[in-house]
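Coordinate analysis (summary)
Residues per chain, in single letters:
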Amino acid sequence: MAPSSTQISFAHSPTGFRAGTANEHESRAGVSIVKLYLAEYVFRYGDAADHADATEMIRASNDAIANRLHAKYPQAISTTVEEFGLTDTYVPGYWGNGTSTHDMVTYLETKKRTDPNSPVLAAMASAYGTAADGYAQNYGTALLAGVIGTKWGWSDDRSFNASASFGPDFSVGASTYGSAAQLSEHVLGAFTDGGPAAPESGYRLTECAAARWLADDPVLAVPAQQLLDGLPPAVAEAFCEG
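Throughout what follows, the structure given in this document is the object of discussion. All figures in this text were calculated on a predicted structure; none of them were measured in a lab.

What to know about the overall build of the chain
What the chain contains, in helices and strands, is nine helices and five strands. Overall, the chain shows an N-to-C arrangement of helices and strands of β-β-α-α-α-α-α-α-β-β-β-α-α-α. Relative to the globule expectation of 18 Å for 242 residues, the C-alpha radius of gyration of the chain, 18 Å, shows essentially globular dimensions. Seen along its three principal axes, the alpha-carbon backbone of the chain occupies a region of about 55 × 35 × 30 Å. Going through the 242 residues of the chain one by one, you find that 53% of them count as buried.

Laid out in structure tokens, this is it:
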């Protein structure tokens, strides 16, 4: 079970099944995760001369590039927010403020569905091991099995860390008021056998109001139940009980 300092969201692409911690809609410091939303605009509407910088901004999490692109395209993030329905994201002026793990996952799932060859996703998949400021990009959701690409973010004092990743059949976002190592611990605890074991009498699809409609589906019932079984107890309860 993740502590309240940590926020996690997850989506299963084939079924549309989503789950998250109770605080997944909390708008927190967006840090460098918001560079995805900035790059989205630059690739679609910006000058072709800026595309290489947008790629580098994601791969190296380069703040200097983000500052330049945000100054040139001040409407970029707000446009992405509107187009993707990112209801928890706000832009008070600085590019690094205000998003949630729910919005991170919404953005990634939409990109995978509508633009799977996006240069944003390609940049995430080819991110460097070390960021432009020397910070290691190797933690959090990136450690989950099946991850193809990741964007990381952190505060200047390293006390807040976040990551957003996608795989062939899922997207996941996480953030914590804590270190990169703590974020990794909480993410792995939520999604692997190293975390708290689910109770033997966990939710069945027929008992889960949010997923009951899948119980009789001959294709989706089994994977949906497996996803439900794999959720931390607190997350399963929040999802099923609403």
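Looking at helix α3 (residues 63–72)
Every buried residue belonging to α3 is among Ile65, Ala66, Leu69 and His70, and all of these are buried. Buried residues of α3 fall within an arc of 125 degrees about the axis and therefore sit on the same side. For α3, the exposed residues lying more than 90 degrees away from the buried face are Ala64 and Ala71. Of the residues flanking the start of α3, the one acting as N-cap is Asn62, its side-chain oxygen 3.0 Å from the backbone nitrogen of Ala64.

With respect to the state of the cysteines
Inspection of the entire model under this criterion finds one disulfide. One disulfide bridge connects Cys208 with Cys240, the sulfur atoms lying 2.1 Å from each other. Across the S-S bond of Cys208 and Cys240 the torsion is about -95 degrees, and the bridge reads as left-handed. Of this pair, Cys208 sits in the loop between α7 (180–191) and α8 (221–230) while Cys240 sits in helix α9 (residues 233–241), and the two are 32 residues apart along the sequence. Of the two residues examined, Cys208 and Cys240, each falls in the buried class.

Considering the nonpolar core
Within the largest apolar cluster, 33 residues are counted, with the highest numbers of intra-cluster contacts made by Leu36, Tyr37, Leu38, Leu69, Tyr107, Val120 and Met124. For this core, the elements supplying multiple residues, two or more each, are α1 (35–45), α2 (51–60), α3, α4 (76–84), α5 (101–114), α6 (119–125) and β4 (161–167). Among the elements that make up this core, the one with the highest residue count is α1 (seven residues). Ala2, Ile8, Leu183 and Leu227 belong to the second-largest nonpolar core, a separate cluster that totals 31 residues.

Comments concerning the packing of aromatic side chains
Applying the stated rule across the entire model yields ten aromatic pairs. On the numbers, 4.9 Å between centres and 50 degrees between planes, the contact of Phe84 with Tyr107 is tilted. Residue Phe84 is located in helix α4, and its partner Tyr107 is located in helix α5; the two are separated by 23 residues in the primary sequence. Take Tyr107: its relative accessible area is 0%, and that puts it in the buried class. Centroid distance Phe160 to Tyr177: 5.1 Å. Interplanar angle 55 degrees. Geometry classified as tilted.

Quick notes on the pattern of salt bridges
This model, assessed by the stated rule, comprises twelve salt bridges. When the shortest N-O distance is used, the salt bridge between Arg68 and Asp50 registers 2.9 Å. Of this pair, Arg68 sits in helix α3 while Asp50 sits in the loop between α1 and α2, and the two are 18 residues apart along the sequence. When its relative accessible area of 35% is taken as the criterion, Arg68 is described as partly exposed. The buried category is assigned to Asp50, whose relative accessible area is 3%. Ionic pairing is found between Asp133 and Arg158, a salt bridge with its closest N-O pair at 3.7 Å. Taken together, the residues span a long stretch of sequence, with Asp133 in the loop between α6 and β3 (149–154) and Arg158 in the loop between β3 and β4 at a distance of 25 residues. Residue classification places Asp133 among the partly exposed positions, given a relative accessible area of 41%.

Observations concerning the environment of Val120
Residue position: Val120 is located in helix α6. When the C-alpha positions of Val120 and Thr150 are compared, they lie 10 Å apart, and in sequence the two are 30 residues distant. Those residues in contact with Val120 that lie beyond four places of it in its chain are Leu36, Ala39, Glu40, Phe43, Ile58 and Tyr107.

What counts, and at which threshold
- Residues numbered from 1 in each chain as written.
- Predicted model: local features only at pLDDT ≥ 70, side-chain atom pairs only at ≥ 80, totals over all residues.
- Heavy atoms only, no water.
- Helix = DSSP H or I, 4+ residues; strand = E, 2+ residues; numbered from the N terminus.
- Rg over C-alpha atoms; globule rule 2.2 N^0.38 Å.
- Buried < 20%, exposed > 50% of the residue type's maximum accessible area, 1.4 Å probe, protein only.
- Arc of directions from axis to C-beta.
- Polar contact = N/O pair within 3.5 Å; in protein donor to acceptor, adjacent residues only side chain to side chain.
- Disulfide = S-S within 2.5 Å.
- Core = buried A, V, L, I, M, F, W, Y, C linked by side-chain atoms within 4.5 Å.
- Phe/Tyr/Trp six-rings, centres within 6.5 Å; stacked < 30°, edge-to-face > 60°.
- Salt bridge = Lys/Arg side-chain N within 4 Å of Asp/Glu carboxyl O.
- Contact = heavy atoms within 4.5 Å.

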